[in-house]
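Listed here are the chains, written in short residue letters.
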Amino acid sequence: MLTETLGSVLIANRGEIARRIIRTVKRLGLRAIAVHSEADADLPFVREADEAVLIGPANPAQSYLDVAKVLEAARATGARAIHPGYGFLAENAAFARAVIDAGMVWIGPAPEAIDKMGDKINARNLMEAAGVPVAAGTREPVTDLSLALKAAENIGYPVMVKTAGGGGGIGMSVAHDDDGLQKAYEQAARAAARFSGDALDGPAVLLERYIERARHVEVQILGLPGGRVVALGERDCSVQRRHQKVVEESPSPGISPELRERMLAAAVRVGEAVGYLGAGTVECLVDADKQDFVFLEMNTRLQVEHPVTELVTGLDLVELQLRVAAGESPEVRAEPSGHAIEFRVYAEDPKRFFPGPGTITAWDEPSGDGVRVDSGYVAGNTVTPFYDPLMAKLCVYGSDRAEALELGRKAVAEFTVEGPKNNLPFCAELLENAEFTTGDYDTGLVARMRARTA
Amino acid sequence: MAEVRAEMVANVWKVVVKEGDTVSDGDTLVILESMKMEIPVLAEDDGVVAQLKVAEGDVIQEGDLIAVIE
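Residues numbered from 1 in each chain as written. Chains lettered and ligands numbered in written order. Predicted model: local features only at pLDDT ≥ 70, side-chain atom pairs only at ≥ 80, totals over all residues. Heavy atoms only, no water.

- Per an unreviewed UniProt entry, chain B goes by Biotin-dependent enzyme and derives from Nonomuraea fuscirosea.

- Per an unreviewed UniProt entry, chain A goes by the name biotin carboxylase and belongs to Nonomuraea fuscirosea.

**What about the side chain of His83 of chain A?**
Residues and elements named next belong to chain A.
Here comes step 1: Tracing the chain through its elements places His83 in strand β4 (residues 81–83).
Here comes step 2: There is a polar contact of 2.7 Å between the side chain of His83 and the side chain of Gln321.
Here comes step 3: Leave out the neighbours within four places in its chain, and His83 touches Val9, Leu10, Ile11, Ala12, Ile21, Ile107, Leu302, Val318 and Gln321. (Helix = DSSP H or I, 4+ residues; strand = E, 2+ residues; numbered from the N terminus. Polar contact = N/O pair within 3.5 Å; in protein donor to acceptor, adjacent residues only side chain to side chain. Contact = heavy atoms within 4.5 Å.)

**Thoughts on the UniProt feature "domain: Lipoyl-binding" (unreviewed entry) in chain B**
Here comes step 1: Annotation from UniProt places "domain: Lipoyl-binding" (unreviewed entry) at residues 1–70 of chain B.
Here comes step 2: In the segment residues 1–70 of chain B, helix accounts for 0% and strand for 54%; the C-alpha atoms at its two ends are 4 Å apart. (UniProt positions renumbered as here; feature names shortened; annotations may be inferred.)

**Describing the interface of chain A and chain B**
Here comes step 1: Tallying the contact residues gives 20 residues for chain A and 14 residues for chain B.
Here comes step 2: Regarding the contact of chain A and chain B, the summed buried area is about 1,600 Å², with carbon and sulfur atoms giving 63% of it.
Here comes step 3: Among the residues chain A hides against chain B, the three largest losses belong to Arg194, Pro355 and Pro385 of chain A. Together they make up 37% of the total.
Here comes step 4: The interface formed by chain A and chain B includes 2 salt bridges.
Here comes step 5: A salt bridge links Arg352 of chain A to Glu7 of chain B; the shortest N-O distance between them is 2.7 Å.
Here comes step 6: Element by element, the count of residues in the side of chain A that touches chain B is highest for helix α9 (residues 178–195) of chain A, at 3 residues.
Here comes step 7: In terms of residue class, the side of chain A that touches chain B is made up of 12 nonpolar, 2 polar and 6 charged. (Buried area = accessible area lost by both parts, 1.4 Å probe. Salt bridge = Lys/Arg side-chain N within 4 Å of Asp/Glu carboxyl O. Nonpolar A, V, L, I, M, F, W, Y, C, P; charged D, E, K, R; others polar.)

**Observations concerning the pairing of strand β13 (residues 292–299) of chain A**
All names here are of chain A.
Here comes step 1: Summarising burial for β13: 7 of the 8 residues are buried, a large majority.
Here comes step 2: Where strand β12 (residues 278–287) meets β13, 7 bridges bridge the pair, whose relative direction is antiparallel. Paired with Val282 across the bridge in β13 is Met298.
Here comes step 3: Between the end of β12 and the start of β13, which pair antiparallel, lie 4 residues, with Gln291 showing a positive phi angle near 50°. (Buried < 20%, exposed > 50% of the residue type's maximum accessible area, 1.4 Å probe, protein only. Pairing = 2+ DSSP bridges.)

**Concerning the sheet that holds strand β6 (residues 159–163) of chain A**
Residue and element names in this part refer to chain A.
Here comes step 1: The strand order β7-β6-β8 describes an open sheet built from 3 strands, whose pairing is antiparallel. Two strands close off the open sheet at either side, each with one partner strand: β7 (173–175) and β8 (205–209). Across this sheet, the average inter-strand angle for adjacent strands is 30°, counted without regard to direction.
Here comes step 2: Inspection of the sheet shows β6 paired to β7 by 3 bridges, in the antiparallel sense. Directly across from Met160, in β7, lies its bridge partner Val174.
Here comes step 3: Its contacts with the sheet put helix α7 (residues 120–129) on β6 and β8, and the angle it makes with β8 is roughly 45°.
Here comes step 4: Along the sheet, helix α8 (residues 145–155) contacts β6 and β8; its crossing angle with β8, the most-contacted strand, is approximately 15°. (Axes fitted to C-alpha atoms, helices over the stretch in contact; angles between N-to-C directions.)

**Brief notes about the domain arrangement of chain A**
All names here are of chain A.
Here comes step 1: Split by domain assignment, chain A resolves into domain 1 (2–107), domain 2 (136–209) and domain 3 (214–453).
Here comes step 2: When each unit is reduced to the centre of its C-alpha atoms, the spacing between domain 2 and domain 3 is 26 Å.
Here comes step 3: Of the residues lining the interface, 9 residues belong to domain 2; the matching set on domain 3 comes to 4 residues.
Here comes step 4: If you look at where domain 2 meets domain 3, you find 0 salt bridges.
Here comes step 5: Between domain 2 and domain 3 we count 0 residue pairs in polar contact (both at pLDDT 80 or more) in total.
Here comes step 6: Taken together, the elements giving at least two residues each to the side of domain 2 that touches domain 3 come down to β6 and β7.
Here comes step 7: Each residue belonging to the side of domain 2 that touches domain 3 can be placed in one class, and the counts come to 4 nonpolar, 3 polar and 2 charged. (Domains from an automatic or database assignment.)

**Looking at the pairing of strand β11 (residues 244–250) of chain A**
It is a general feature of regular strands that their side chains alternate between the two faces of the sheet.
All names here are of chain A.
Here comes step 1: Counting buried positions along β11 yields 6 of 7 residues, so the element is predominantly enclosed.
Here comes step 2: The pairing of strand β10 (residues 229–241) with β11 spans 4 bridges and is classified as antiparallel. Among the inter-strand pairings, Asp236 is bridged to a residue of β11, identified as Glu249.
Here comes step 3: Two successive antiparallel strands, β10 and β11, enclose a turn made up of 2 residues, where Arg242 displays a positive phi of approximately 50°.

**Digging into the sheet that holds strand β5 (residues 105–106) of chain A**
All names here are of chain A.
Here comes step 1: Taken in spatial order, the 5 strands of this open sheet run β3-β2-β1-β4-β5, and their pairing is parallel. In the strand order of this sheet, the two ends are held by β3 (51–56) and β5, each with one partner.
Here comes step 2: In this structure, β4 lies alongside β5, joined through 2 bridges in parallel fashion. By the bridge assignment for β5, Ile82 is matched with Trp106.
Here comes step 3: Contacts between helix α4 (residues 67–77) and the sheet are confined to β1 (8–11), β2 (31–37), β3 and β4, with β3 contributing the most and set at about 150° to the helix.

**Section: the packing of aromatic side chains**
Residues and elements named next belong to chain A.
Here comes step 1: In the structure shown here, the tally under the stated rule is 8 aromatic pairs over all chains.
Here comes step 2: A centroid spacing of 5.3 Å and a plane angle of 85° characterise the contact between Trp363 and Phe415, whose relative ring orientation is edge-to-face. Within this pair, whereas Trp363 is found in strand β16 (residues 362–364), its partner Phe415 is found in the loop between α13 (401–414) and β20 (416–418), the two being separated by 52 residues in sequence.
Here comes step 3: For Trp363, a relative accessible area of 13% gives the class buried.
Here comes step 4: On the basis of relative accessibility, which here comes to 5%, the residue Phe415 falls in the buried class.
Here comes step 5: Members of the aromatic cluster, joined through ring pairs, are Tyr64, Phe88, Phe386 and Tyr387. (Phe/Tyr/Trp six-rings, centres within 6.5 Å; stacked < 30°, edge-to-face > 60°.)

If you want it as structure tokens, here you go:
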């Protein structure tokens, strides 16, 4: 019984994902405990939790990233389990260990699995050994510019430069020549030092061959107690700006049934190679013309875009995470049907995608059959500059892609946000874009849309 | 004389120049941070930094004066 093993669950996160986890925690009869910063005191997730603890000022380093404060809140409220959401401490193995050492249930994979996958260089090497294809790239951490230049010479330009420990597209950029590489390297090294909680050994950077017309397709996996790993279908996340996802859909309109089968089988091998437990995502790059793929990285946590998978499978991934963490072995049969699309509603201008925080003066979400909105805010709240710009996820589900697109157009038009800048006009524009509507798009789509309108 | 103002609410992450520095069109004056994004603020003219109104760690509002280039 979940109520006996878990009892109460502390959610070490904020905004829409905290609110979404709280919803499932409460539905299962468990107590939901929120932690929050001073800047977030008025947000719905704080109000909707059974109990909420103020853990520090707006600066995430002194609140959501402060392991000691989160653990202290857990002890003070009698939490028996901690769900980290995504971002912040979700892929911090030291935090996972501290939770377990404190006698609580960690709702995530074993810290060893986080370690293995958290270092992207190590993950690449491990996957190659497990027979999963990887892109040409560096096998050792690149710790200074001269090493980066040498590596780029071997791989051949253009190269993708990223931080070995980072995530979410931060610090990632493409270099086409030595000058570009210097800028890209410095940017990645800076990001490594600032955004990863554990950049103790100096910045480690990774270079990989850049595929010009690639799709970003990822597979949702679930590791069950006893070592079985199941694949719950894929998500296409090729609509990106600054290497960060804006729109995701399932199934991917750009892969053949044969390729899908190979990718799902490879994702299961990835999970099995690290003894993965719970929900995880295996990210791949797909060469749409060649119908081939390479392993990109694994995210050892719940993904922002998990609702897309929930809509086509009918599963509640947070519930499955909780059950697996409690030692249960739920019966999972994934036979995806229909088509789901998620639009990330960001507080940013729809042309250049620059941040546009501010106070929300009007907020009216669409609703109805086939529409799901996971939001972190209501009217009157302020979107502050301290955290990422995601305000809400607007998801639509139809019997096929055409129906989902039509629902998307209607729902985007019905969504009212006033106050902060927002990218709903971009979503509307995307839904009329021929590349997107035909499904024949790649990760360069948003840049091409903006090159035309600039 | 050119005033450089903030385009959005942001934290001042890094101040690159100081008062009295000579700058060229396109030089980075300060780097702002908002919503986990770095936003460099550039000089739009050649000149000298006559005034610098922000310090690292400041939170600035849209429209706030960052610097004056003469």
